[in-house]
Amino acid sequence: MDVPLEELAAVSEAVGRAEDAVAEEGWTAAREALDEADRRLEELRGVYRELGPRERATLGAIAGPLRARRDAVAGRIPKPQAVSDAAPVHDPEQDADPEEAA
């Protein structure tokens, strides 16, 4: 079995899209690209078990730096912010009847 170079190229392309999105502060696009890279890396882990020693060494030599790039860009994406669970704030304008104000 040969080293899956096409899959490695797809991982590299997804990481590149994430890097570009982070540079433009496109956090959602960056997360989606990283999700794709993660999915493809997981597929490569399955293929890795079927490879011979030389192919494993080649795959590891290429996938290691890709994983490092992926981790570096993931560290630059801000964590999603949760909406507050605080009690609602009363707005007196909501109580006013628009017809009475006219």
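Look above for the structure.
The rules behind these values
Residues numbered from 1 in each chain as written. Predicted model: local features only at pLDDT ≥ 70, side-chain atom pairs only at ≥ 80, totals over all residues. Heavy atoms only, no water. Axes fitted to C-alpha atoms, helices over the stretch in contact; angles between N-to-C directions. Helix = DSSP H or I, 4+ residues; strand = E, 2+ residues; numbered from the N terminus. Parallel < 35°, antiparallel > 145°, perpendicular 65-115°, else oblique. Left-handed = near helix turned anticlockwise from the far one by under 90°. Contact = heavy atoms within 4.5 Å. Nonpolar A, V, L, I, M, F, W, Y, C, P; charged D, E, K, R; others polar. Core = buried A, V, L, I, M, F, W, Y, C linked by side-chain atoms within 4.5 Å. Buried < 20%, exposed > 50% of the residue type's maximum accessible area, 1.4 Å probe, protein only.

Peer 1: Which parts of the structure should I look at to understand the packing of helix α1 (residues 5-23) against helix α3 (residues 53-75)?
Peer 2: Each pair of packed helices can be summarised by the angle the axes make with each other and by the distance between the axes. Put simply, α1 and α3 touch, their axes get as near as 10 Å, and they point 20° apart. Comparing their axes, α3 and α1 come out roughly parallel. In the crossing of α1 with α3, the sense of the turn from one axis to the other is left-handed. The residues of α3 that touch α1, namely those facing Leu5, Leu8, Val11, Ser12, Val15, Gly16, Ala18, Glu19 and Val22, are Leu59, Ile62, Ala63, Leu66, Arg69, Arg70 and Val73. Counted by class, the contact of α1 with α3 contains eleven nonpolar, two polar and three charged residues.

Peer 1: How do you make sense of the nonpolar core when you look at a structure like this?
Peer 2: Soluble globular proteins tend to bury their nonpolar side chains together. With twelve residues, the main nonpolar core is built from Val3, Leu8, Val11, Ala14, Val15, Ala37, Leu41, Leu44, Leu51, Leu59, Ala63 and Leu66. At the level of secondary structure, the elements contributing two or more residues to this core comprise α1, α2 (27-48) and α3. At four residues, the largest contribution of residues to this core is made by α1. Setting aside chain neighbours within four positions, we find leucine 44 in contact with Pro4, Glu7, Leu8, Val11 and Leu59. In terms of nonpolar packing, the next biggest core, distinct from the first, is built from nine residues, Ala21, Val22, Ala30 and Ala33 among them.

So far we have only geometry, and geometry alone does not tell us how the molecule works.
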